[in-house]
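Residue strings, one per chain:
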Amino acid sequence: MADKITVGHVHMSGCTGCLVSFADNYEGLLTILDKYADLVYCLTLADVRHIPEMDVALVEGSVCIQDHIAVEEIIETRKNAKIVVALGACACYGNITRFARGGQQNQPQHESYLPIGDLIDVDVYIPGCAPTPQQIRNVCVMAYLLLKGNDEQKALAGAYLTPLMNLAKAGTEACGCDVMYNVINQGLCMGCGSCAAACPVRAITMVYGKPQVERDLCIKCGACYAQCPRSFFSFDVVNQYEGIIDAIDAALQP
Ligand code: SF4
Ligand code: SF4
């Protein structure tokens with residue numbers, strides 16, 4: 001297909017697990033690359049050395065602000081990309097790099113790491129450590145429909161992406177406390193257990209039907225709040241979900 005979008009993977013202080021999750025779409029990834037997107041930048045997979053212009057930048061990892069090359073790269077990414085996606089919990093929220101304190105050889109001064117949204121404007125969040133393959137796939141397909149689709153497809157893509165854009169506007173801090181402050185304390189928790197199921201380090205257990213967070217285990221990934229059905233979803237989007245899934249399934253037919 002001639003009219004593909006261009007996508008890049010920008011690797012900041014991440015572990016490459018987000019890229020592995022993207023690759024875990026298997027044939028779905030090949031379909032995306034075949035029909036919808038050219039991968040124009042990805043140091044792990046392709047020999048392009050400098051950040052080119054692109055439609056969508058999938059940025060993995062946080063930014064070490066004592067590493068001037070990293071700071072320059074994230075600014076360059078914002079300049080060169082129409083849509084900047086914070087891919088995974090480190091880019092969105094800092095995640096495990098929130099605990100960095102420096103002092104290790106051979107760069108003991110590398111002590112301060114920030115989510116990318118603290119340095120540049122971010123359009124879309126894909127939270128999770130790692131983010132799910134399906135969600136990365138969905139965002140790529142929806143970005144394609146947003147940029148290249150007809151009016152109906154653009155509207156559908158807008159409906160899918162809006163909650164993830166709202167999440168990007170909501171800030172760069174995440175913690176298991178989010179489900180306490182923003183869900184339980186607000187009288188919104190219905191005890192479904194999705195937050196406990198989403199937590200990658202099992203920091204949440206359900207006690208008397210409500211989540212209890214072990215904060216010393218929490219790595220500050222934000223998955224619990226993002227997966228909570230009483231957090232940031234609007235019913236308008238949930239009600240369109242069948243149409244969204246149908247569009248994605250249709251798009252991914254090889
Ligand atoms: S409680 Fe678990 S899911 Fe929630 S932010 Fe902490 S580590 Fe992530
Ligand atoms: S995911 Fe379910 S159990 Fe957890 S805070 Fe949200 S509503 Fe409550």
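A. Expanded view of the overall build of the protein chain. When you go through the protein chain residue by residue, the secondary structure sums to 11 helices and 9 strands. Scaling as 2.2 N^0.38, a compact globule of 254 residues should have a C-alpha radius of gyration of about 18 Å, and the protein chain matches this with 18 Å. In the protein chain, which comprises 254 residues, the share counted as buried stands at 47%. In the protein chain, the proportion of contacts linking residues at least 24 apart, taken out of those at least 6 apart, comes to 76%. Taken as a whole, the protein chain presents about 12,800 Å² of accessible surface, with 51% of it coming from carbon and sulfur.

B. Spotlight on the nonpolar core. Within the largest apolar cluster, 34 residues are counted, with the highest numbers of intra-cluster contacts made by Val56, Leu58, Val85 and Met142. No other element matches the 8 residues that helix H5 (residues 133–148) contributes to this core. With near-sequence residues (within four places) excluded, Leu58 lies in contact with Val7, Gly8, His9, Val10, Phe22, Val85, Leu87 and Cys140. Formed by 26 residues, the second largest nonpolar core is a distinct cluster that contains Val84, Cys92, Leu167 and Ala226.

C. Region of the structure containing the side chain of Asp178. In this fold, Asp178 is placed in helix H7 (residues 177–184). Not counting residues up to four positions away in its chain, the partners in contact with Asp178 are Glu173, Val183 and Tyr225.

D. View of the site of ligand 2. For ligand 2, the set of nearby residues contains 14 residues, the closest of which are Cys189, Cys192, Gly193, Cys195 and Cys228. Residue assignment for the shell around ligand 2 shows that the elements contributing at least two residues are H7 and helix H8 (194–198). Here the residues of the shell around ligand 2 sort into 10 nonpolar, 3 polar and 1 charged.

E. Main features of H7. For H7, the full list of buried residues reads Cys177, Asp178, Val179 and Val183. Considering only its buried residues, H7 is in contact with H8, strand S9 (210–213) and helix H9 (223–227).

Calculation notes
Residues numbered from 1 in each chain as written. Chains lettered and ligands numbered in written order. Predicted model: local features only at pLDDT ≥ 70, side-chain atom pairs only at ≥ 80, totals over all residues. Heavy atoms only, no water. Helix = DSSP H or I, 4+ residues; strand = E, 2+ residues; numbered from the N terminus. Rg over C-alpha atoms; globule rule 2.2 N^0.38 Å. Buried < 20%, exposed > 50% of the residue type's maximum accessible area, 1.4 Å probe, protein only. Contact = heavy atoms within 4.5 Å. Areas by Shrake-Rupley, 256 points an atom, 1.4 Å probe, with all protein chains shown as cover. Core = buried A, V, L, I, M, F, W, Y, C linked by side-chain atoms within 4.5 Å. Near = heavy atom within 4 Å. Nonpolar A, V, L, I, M, F, W, Y, C, P; charged D, E, K, R; others polar.

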